[in-house]
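# Examination of the molecular architecture
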Amino acid sequence: MPDATSKRKGGDGRLTTAIDPHDQGPQDACGVFGVWAPGEDVAKLTYFGLYALQHRGQESAGIAVSNGRQILVYKDMGLVSQVFDESTLDSLKGHLAIGHSRYSTTGASTWHNAQPTFRPTADGSIALGHNGNLINTHELREMVQALPGPAGELEIRGVEGATNDTSLVTALLAHHPDTSLEQRALEVLPQLRGAYCFVWMNEHTLYAARDPQGIRPLVLGRLDRGWVVASEDAALATIGASVVREVEPGEMIVIDENGLRSHKFAEPARKGCVFEYVYLARPDATISGRNVHEARVEMGRRLAREFPVDADLVMPVPESGTPAASGYAAESGIPFGQGFVKNAYVGRTFIQPSQTLRQLGIRLKLNALEHMIRGKRIVVVDDSIVRGNTQRAQVRMLREAGALEVHVRISSPPVKWPCFYGIDFATRAELIANGLTPEEIAASVGADTLGYISLEGMIEATDQPADSLCQACFTGQYPIELPDESLLGKHLLEATLQSPTMGRALPVLNNP
Ligand code: SF4
């Protein structure tokens with residue numbers, strides 16, 4: 001059992017950390033999965049569902065299973081494949097399960113903040129997983145503190161010592177002494193602000209809900225003998241489930257032995273995250289009817305029209321830049337090829353090279369293919385630029401491999417604003433596009449030219465109406481009004497709570 005409180009950093013599976021772990025690209029905010037299927041091995045279905053959603057969160061993973069009498073939760077730091085083995089999954093028996101893979105947005109990356117969260121209730125217990133990030137955490141904390149019974153403060157600290165928005169929601173849902181969990185959820189959900197796709201369960205019932213803006217994706221699927229919900233439809237395909245439909249913005253779904261019930265708890269006001277199309281979702285996902293791979297190829301085509309250049313080779317930064325690079329090549333007529341090789345086992349180590357080793361040029365995840373690059377004018381396509389250090393290192397690698405010219409093309413507009421709805425970019429001051437023009441950024445990263453797709457071009461490639469998309473990290477127009485800056489931030493609750501007693505390293509929480 002690893003130290004439950006250790007902080008493992010890096011190893012997020014993104015190419016960009018290979019070169020500079022201090023210049024990580026956008027980090028996603030969790031994958032969620034839930035299944036109600038009596039007679040099926042729900043723990044293994046959840047494991048494979050999470051495996052398909054691993055790109056959405058790589059800091060910790062967990063599964064909760066109910067056999068109708070009790071809920072077992074198993075969670076730990078690390079990748080899904082590191083947290084679970086055959087014998088652990090065999091011990092998780094039941095007819096109903098939820099799973100979670102986490103990247104932290106509110107609350108540090110610790111075991112105590114890993115999900116599913118767990119709380120006893122008056123008539124059993126609940127477990128919950130969350131994709132997204134709430135922006136009224138301060139209000140939720142006050143609501144939890146105002147709960148009757150044991151001091152709210154104790155309730156916040158809870159048995160797990162969690163310091164995240166999700167645990168506050170769990171505490172609010174768990175408090176339903178005089179009503180059902182279903183009814184309690186219909187009271188609590190309209191009071192949440194921000195981005196959320198929740199899956200949760202008690203001993204008998206699976207629940208799922210999506211915020212009224214539908215910022216993060218959530219889909220409903222069908223098995224021969226049950227139902228599934230997942231962040232992306234690729235997770236349904238992985239376990240052989242068919243897609244039924246998206247969970248609608250403002251909808252709560254309830255699944256039990258009586259079948260499926262749907263509640264509309266808020267008027268939908270769709271503002272889906274445009275960055276899901278650019279980078280976050282798997283290319284085989286379909287969001288609001290638009291296949292993500294097709295959208296990315298189209299972004300590359302538009303980029304080629306907006307920023308053409310004479311060159312000999314179009315190459316992607318693998319894997320995220322590949323669809324856009326193929327679109328750029330197809331539109332421009334310039335041959336497409338691989339100029340970088342990615343280590344297939346990225347994300348499987350948490351060990352980062354020391355600064356000295358880095359300076360010696362150790363490249364964990366990426367190498368240049370010299371015979372593809374030498375003597376050529378290169379167009380290199382990536383999805384986004386955050387701080388710029390990564391692109392600087394890539395351009396240098398290409399020049400060292402003999403590139404005559406390096407033209408950088410980016411399939412999203414300049415990222416100038418932070419995200420408060422579940423994606424961790426960087427602070428405003430750290431974003432390179434904030435102080436510099438594209439020409440100055442090109443000079444800073446050492447590129448001959450740099451072209452970002454236009455906002456309009458990116459949006460049109462998604463096939464969605466512009467007013468149904470959140471574009472805040474590009475425009476600064478936040479669709480859900482933000483509270484004062486002092487009430488936002490990843491460590492909001494750590495800053496106001498004392499640390500709980502450490503040492504609860506047991507991975508299984510058993511509700512007797
Ligand atoms: S701010 Fe950007 S990353 Fe965040 S939800 Fe909006 S579009 Fe997505």
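Now for a quick tour of the structure. (Residues numbered from 1 in each chain as written. Predicted model: local features only at pLDDT ≥ 70, side-chain atom pairs only at ≥ 80, totals over all residues.)

### Comments concerning the site of the ligand
As a reminder of what qualifies: Throughout this description, a residue near a molecule or strand is one whose C-beta atom, derived from the backbone, lies within 6 Å of it. Residues are grouped as follows: Ala, Val, Leu, Ile, Met, Phe, Trp, Tyr, Cys and Pro are nonpolar; Asp, Glu, Lys and Arg are charged; every other residue, Gly included, is polar.
Near the ligand you find Ile 215, Cys 273, Val 274, Phe 275, Cys 419, Tyr 421, Ile 423, Cys 470, Gln 471, Ala 472 and Cys 473, and these make up its full shell. Residue composition of the shell around the ligand, by class: ten nonpolar, one polar and no charged.

### Re the packing of helix α7 (residues 165–174) against helix α8 (residues 181–188)
The test is simple: Axis lines are fitted to C-alpha atoms, over the contacting stretch for helices. Their N-to-C directions set the angle, which ranges from 0 to 180 degrees. In DSSP terms, a helix is any run of H or I states spanning at least four residues, a strand is any run of E spanning at least two, and both are numbered starting from the N terminus. Angles below 35 degrees are treated as roughly parallel, those above 145 as roughly antiparallel, those between 65 and 115 as roughly perpendicular, and all remaining angles as oblique. Here contacts are defined at the residue level, using C-beta atoms placed from the backbone and a cut-off of 7 Å between them.
Two elements in contact, α7 and α8, have axes separated by 9 Å at closest approach and are oriented at 130°. When the axis of α7 is compared with that of α8, the two are oblique. Facing Val 169, Leu 172 and Leu 173 of α7, the residues of α8 in contact are Leu 181, Arg 184, Ala 185 and Val 188. Counted by class, the contact of α7 with α8 contains six nonpolar, no polar and one charged residues.

### Structural notes on the sheet that holds strand β8 (residues 206–210)
Backbone hydrogen bonds hold the strands of a sheet together, and the pairing may be parallel or antiparallel. We count it as follows: Pairing between strands is defined by DSSP: at least two bridges between the two strands are required.
The strand order across the open sheet formed by six strands is β5-β6-β7-β8-β12-β13, and the pairing between neighbours is antiparallel. Looking at which strands have only one partner, the edges of the open sheet turn out to be β5 (117–121) and β13 (259–264). Direction aside, the axes of adjacent strands within the sheet are offset by 20° on average. Both strand β6 (residues 124–134) and strand β7 (residues 194–201) contribute to a ladder of eight bridges, which runs antiparallel. Bridging from a neighbouring strand, Leu 128 pairs with Trp 200 of β7. Across the face of the sheet, α7 comes into contact with β5, β6 and β7 while running at roughly 140° to β6. Those strands touched by α8 are β6, β8, β12 (251–256) and β13, and its axis lies near 170° from that of β12.

### A closer look at the nonpolar core
The condition is simple: Residues enter a nonpolar core if they are buried, belong to Ala, Val, Leu, Ile, Met, Phe, Trp, Tyr or Cys, and are joined to the set through C-beta atoms within 7 Å. Exposure classification rests on a simple neighbour count of other C-beta atoms within 10 Å of a residue's own: a residue reaching 20 or more is buried, one at 12 or fewer is exposed, and one in between is partly exposed. C-beta atoms are placed from the backbone. Each domain's extent is set by a domain assignment, obtained either automatically or from a database.
Counting 147 residues, the largest nonpolar core has Ala 64, Ala 127, Trp 200, Tyr 207 and Val 229 as its most contacted members. In terms of domain composition, this core takes at least three residues from each of domain 1 (28–271) and domain 2 (288–475). Ignoring any residue separated from it by four or fewer positions in sequence, one finds Tyr 207 in contact with Ala 185, Trp 200, Met 201, Met 252, Ile 253 and Val 254.

### Quick look at unusual backbone geometry
Residue Gln 115 is joined to Pro 116 through a cis peptide bond whose omega torsion reads 5°. Tracing the chain through its elements places Pro 116 in the loop between β4 (96–102) and β5. Here the amide bond leading from Pro 318 into Glu 319 is cis, since omega sits at -5°, within 30 degrees of zero. Of note, Glu 319 is situated in the loop between β17 (313–316) and α12 (322–332). In this structure, Ser 288 is a non-glycine residue whose phi angle is positive, near 50°. One can find Ser 288 in the loop between β15 (286–287) and β16 (290–291). Located in the positive-phi region is Asp 463, a residue other than glycine, with phi close to 65°. Residue position: Asp 463 is located in the loop between α17 (455–462) and β23 (469–470). Classification of Asp 463 by C-beta neighbours within 10 Å gives partly exposed; the count is 14.

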